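# Architecture at a glance
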Amino acid sequence: MQTIRGFRDILPGRIGLWQKVEKEASRLFEAFGFKEIRIPVLEKTELFARSIGETTDIVEKEMYTFDDRKKDKLTLRPEATASIVRSYIQHKMYADNPIRKFYMTGPMFRRERPQKGRYRQFYQIDVEVFGVASAYIDSQLIYLLHNLFKNLGLTGLSAHINSLGCPECRPAYQKTLLNFLEAKKDLLCENCRRRMSKNPLRILDCKAQTCQDAIKNAPAILDNLCDECDNHFKIVKTTLEKQNVDFIVNKTLVRGLDYYTRTAWEIQTTSLGAQSAVAGGGRYDKLVKELGGPDTPAIGFAIGFDRLVEVMEQLNIEPLEPGLDLFIIAMGNEAMDKAYHWSCNINQNGLRSETDFQGKSLKSLMKKANKLNAGHVLIAGDKEVKENAFILRNMETKEQVIINGDSLLADLINILKKQ
Ligand code: ATP
Ligand code: MG
């Protein structure tokens with residue numbers, strides 16, 4: 001049996017970087033007042049169709065959708081924002097405190113062509129803020145991403161930012177854009193021609209080179225913002241500048257989802273070929289209301305966890321690999337019996353120890369201790385058991401001490417905890 005295409009195992013040998021990211025992300029997010037939320041992987045199809053948008057790539061061709069036995073249409077979540085909005089509304093979180101800050105990590109599912117940095121089950125770290133209209137929160141989320149990546153040792157990433165306007169200024173812009181596109185219609189791909197009437201902004205996001213060429217000189221929404229949107233974007237930029245967060249204003253950035261308003265951004269890398277976005281986010285002030293909640297401004301981002309780890313691997317960033325505190329070399333039945341109980345007890349105290357029950361020689365067990373990168377080795381052979389005195393070797397300094405069997409556990413735990 002094999003995994004299905006686009007799905008993969010992440011094995012213990014590679015998990016160190018994942019854990020490092022998760023640890024640092026939750027530390028940082030908690031410090032900034034975010035709370036973890038956990039949401040289902042399966043939702044009604046309608047939730048995603050209505051929020052992400054009927055004419056987006058995700059909804060048109062990437063979702064895993066099926067009928068369950070009672071004929072409800074269900075979809076494996078392709079992203080987290082829609083579900084978190086659903087949760088915010090369903091539990092009436094707006095009622096006592098409309099300002100909510102969430103983060104979550106988990107698998108997402110999109111049926112795309114698998115390649116490096118692109119999988120059918122992939123992972124996202126997702127952050128959402130509800131109830132804050134201020135541009136400061138836009139800057140803060142970009143600042144947060146910037147610092148998370150910096151703390152993880154990442155280099156060579158750049159933040160691309162843009163504003164997508166709002167229902168005040170976007171309709172007029174869409175008309176200007178449509179006029180431009182009409183003249184280029186023959187150069188556009190079939191998909192884009194079809195989208196033209198429904199959602200011309202999507203064309204700006206088309207990955208086909210022919211479309212990219214055709215729209216090179218298209219009018220930009222950034223040059224057609226209303227005063228409020230323009231002001232909002234200015235605050236985002238000056239705040240980022242004051243915090244020394246480098247960014248590039250990218251007028252062609254539109255992002256792949258329909259629900260965005262105003263600030264949108266992407267963190268891009270040059271090291272993963274065509275899969276250049278490591279994270280993406282934006283403001284979506286209209287979505288909560290559209291899905292049946294009260295008018296509530298909101299904003300969020302998602303990090304592509306798989307891609308992030310791939311960039312970290314390329315940069316040779318050290319994974320989180322907690323070493324072994326103690327390896328117990330036990331030779332003979334009596335020693336093994338003691339070693340078993342010692343080891344359990346030590347682990348129970350939060351220290352990492354291991355032993356081996358295969359009856360191997362001292363030499364091969366020493367090799368194993370080295371391979372496991374053990375900080376200390378305790379030697380228990382027949383002689384040590386008989387004398388009730390055991391040898392503890394510090395593998396780094398090579399110092400050895402003798403520990404009396406009667407007080408062994410307490411002494412061991414003391415020594416190991418000091419390391
Ligand atoms: P792309 O343009 O690369 O398809 P996207 O705009 O569809 O990305 P978003 O919906 O914004 O992606 O998701 C946020 C992040 O999740 C992306 O920036 C990317 O890092 C990651 N991501 C998206 N799709 C995949 C996938 N199929 N496999 C791995 N990571 C993905
Ligand atoms: Mg995509």
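Higher on the page you've got the structure.
Next up on the list: the packing of aromatic side chains. Applying the stated criterion across every chain, the model contains 17 aromatic pairs. Each member of the aromatic cluster is reached from another via a ring pair, and the members are Tyr 88, Tyr 94, Phe 102, Phe 130, Tyr 259, Tyr 260 and Tyr 284. The lysine or arginine in question, Arg 8, covers the ring of Tyr 119, its NZ or CZ lying 3.9 Å from the ring centre. When the ring centre of Phe 34 is taken as reference, the NZ or CZ atom of Lys 101 above it lies at 4.9 Å.

Here we come to the side chain of Ser 343. Turning to its location among the elements, Ser 343 is positioned in helix H13 (residues 333-348). A residue is classified by how much of its surface remains accessible, and Ser 343, at 6% relative accessible area, is buried. A polar side-chain atom of Ser 343 sits 2.9 Å from a polar atom in the side chain of Ser 353. With sequence-adjacent residues up to four places away left out, Ser 343 is seen in contact with Ile 328, Ser 353, Glu 354 and Thr 355.

Our focus in this paragraph is unusual backbone geometry. Not every positive phi belongs to a glycine, and Lys 92 is a case in point at roughly 45°. Among the secondary structure elements, Lys 92 is positioned in the loop between helix H4 (81-90) and helix H5 (93-96). Located in the positive-phi region is Asn 244, a residue other than glycine, with phi close to 55°. Summarising the element assignment, Asn 244 is placed in the loop between helix H10 (227-242) and strand E8 (247-249).

With that settled, the discussion passes to the nonpolar core. Formed by 100 residues in total, the largest nonpolar core has its most connected members in Phe 29 and Phe 149. A total of eight residues in this core trace back to one element, the largest contributor, which is helix H6 (residues 135-151). Contact partners of Phe 29, with chain neighbours within four places excluded, come to Phe 34, Tyr 103, Ile 125, Val 127, Leu 144, Leu 148 and Phe 301. Core analysis: the second largest hydrophobic core is formed by 19 residues, Met 336, Leu 351, Leu 378 and Phe 390 among them.

Together, Val 41, Leu 42 and Phe 66 give the surface a local cluster of nonpolar side chains, amounting to about 220 Å² of exposed area. As for its position among the elements, Leu 42 is in strand E2 (residues 42-44).

In this section: the environment of Ala 31. Take Ala 31: it is sitting in helix H1 (residues 15-31). Residue classification places Ala 31 among the exposed positions, given a relative accessible area of 60%. Note: C-alpha distance between Ala 31 and Pro 294 (263 residues apart in sequence) is 28 Å.

In this model, H1 (17 residues) spans 24 Å end to end at C-alpha, consistent with the 24 Å of a helix rising 1.5 Å per residue. Turning to H1, its buried residues are Gly 16, Leu 17, Trp 18, Val 21, Glu 24, Ala 25, Leu 28 and Phe 29. Summarising the contacts, the buried residues of H1 are in contact with strand E5 (100-109), strand E6 (121-130), H6, strand E11 (298-304) and helix H12 (305-314). Positive phi shows up at Gly 33, right after H1, with a value of about 90°.

Reading the values: the criteria
- Residues numbered from 1 in each chain as written.
- Chains lettered and ligands numbered in written order.
- Predicted model: local features only at pLDDT ≥ 70, side-chain atom pairs only at ≥ 80, totals over all residues.
- Heavy atoms only, no water.
- Phe/Tyr/Trp six-rings, centres within 6.5 Å; stacked < 30°, edge-to-face > 60°.
- Lys NZ or Arg CZ within 6 Å of the ring centre and 35° of its normal.
- Helix = DSSP H or I, 4+ residues; strand = E, 2+ residues; numbered from the N terminus.
- Buried < 20%, exposed > 50% of the residue type's maximum accessible area, 1.4 Å probe, protein only.
- Polar contact = N/O pair within 3.5 Å; in protein donor to acceptor, adjacent residues only side chain to side chain.
- Contact = heavy atoms within 4.5 Å.
- Core = buried A, V, L, I, M, F, W, Y, C linked by side-chain atoms within 4.5 Å.
- Patch = residues over 30% accessible without salt bridge, like charges linked within 9 Å, V, L, I, M, F, W, Y side chains within 5 Å.
- Areas by Shrake-Rupley, 256 points an atom, 1.4 Å probe, with all protein chains shown as cover.
- Salt bridge = Lys/Arg side-chain N within 4 Å of Asp/Glu carboxyl O.
- Expected span 1.5 Å × (residues − 1).

Structural measurements only, silent on function.
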